[in-house]
Amino acid sequence: MDKTMSRRAVLLRALQLPLAGSVLLGLSACDAGGDAREGVALVCADPDTMTSAQESVRRTLRYSEQSPDSNKACSGCAFFSAAQGGCGSCSIFDGNVVNPAGHCDSWSAAS
Ligand code: SF4
């Protein structure tokens, strides 16, 4: 009987070790995610608070929170106005908030 218990204990240990390893790996992955979030760029536009018309204009002009070309970002656009808090506004979007690093098809160099 002791031999059976001993085998059972060995089997349980064998199952517990990989499980413990998985938990540790999962925790380290969560920590890595936290570090990655620190590098997330400023997000200005909240689609949940936009009207369908505002969303439509952004979609039509293919607005993006991050310009593919840093030389053609909203902050360098003639229609952009800087605002407090890091975000700005766009006169084409009826003064709605845009990201200084954003971009859309109507980008025009500020003079
Ligand atoms: S027109 Fe486009 S690129 Fe220019 S500020 Fe507005 S959203 Fe940005």
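The structure displayed is predicted, hence computed values, not measured ones.

Student: I keep staring at the overall build of the protein and nothing clicks. Help me out?
Tutor: Within the protein one finds two helices and three strands. Relative to its 111 residues, the protein shows a buried fraction of 16%. Long-range contacts, defined as pairs at least 24 residues apart, comprise 65% of the intrachain contacts of the protein with a sequence gap of at least 6.

Student: So what exactly am I meant to see when it comes to the environment of P68 here?
Tutor: Take P68: it is sitting in the loop between α2 (52-60) and β1 (80-82). Taking C-alpha positions, P68 is 8.5 Å from G102, a pair spaced 34 residues apart along the chain.

Student: Got a minute to help me understand unusual backbone geometry in this structure?
Tutor: Positive phi is not limited to glycine here, since R62 has a value of about 50°. In this structure, R62 sits in the loop between α2 and β1. Looking at R62, the number of C-beta atoms within 10 Å reads 10, which means it is exposed. Although it is not a glycine, D94 adopts a positive phi angle of roughly 55°. Looking at the secondary structure, you find D94 in the loop between β2 (88-90) and β3 (96-98).

Student: In this structure, what is going on with the site of the ligand? I would like to understand it.
Tutor: In the neighbourhood of the ligand, 14 residues make up the surrounding shell, with C74, C77, C90, C104 and W107 lying closest. For the shell around the ligand, the class distribution of residues is eleven nonpolar, three polar and no charged.

Student: Would you mind showing me how to read the sheet that holds β1 here?
Tutor: For sheets, the rule is that strands pair by backbone hydrogen bonds, running either parallel or antiparallel. Taking strand neighbours across the sheet as the criterion, the three strands line up as β1-β2-β3 in an open arrangement whose pairing is antiparallel. Two strands lie at the open edges of the sheet, namely β1 and β3, each paired on one side alone. Ignoring strand direction, the axes of neighbouring strands in this sheet form an average angle of 40°. Where β1 lies against β2, three bridges are found, and the strand directions are antiparallel. Considered in β2, the bridge of F80 is made with C90.

Student: For this particular structure, what's the right way to read the environment of C87?
Tutor: Along the chain, the position of C87 falls in the loop between β1 and β2. The contacts of C87, once residues within four sequence positions are left out, are L42, C44, V97, V98 and N99.

Each value, and the rule that gives it
- Residues numbered from 1 in each chain as written.
- Predicted model: local features only at pLDDT ≥ 70, side-chain atom pairs only at ≥ 80, totals over all residues.
- Helix = DSSP H or I, 4+ residues; strand = E, 2+ residues; numbered from the N terminus.
- Buried ≥ 20, exposed ≤ 12 C-beta atoms within 10 Å, placed from the backbone.
- Contact = placed C-beta atoms within 7 Å.
- Near = placed C-beta within 6 Å.
- Nonpolar A, V, L, I, M, F, W, Y, C, P; charged D, E, K, R; others polar.
- Pairing = 2+ DSSP bridges.
- Axes fitted to C-alpha atoms, helices over the stretch in contact; angles between N-to-C directions.

Functional significance is not addressed by these values, which are geometric in nature.
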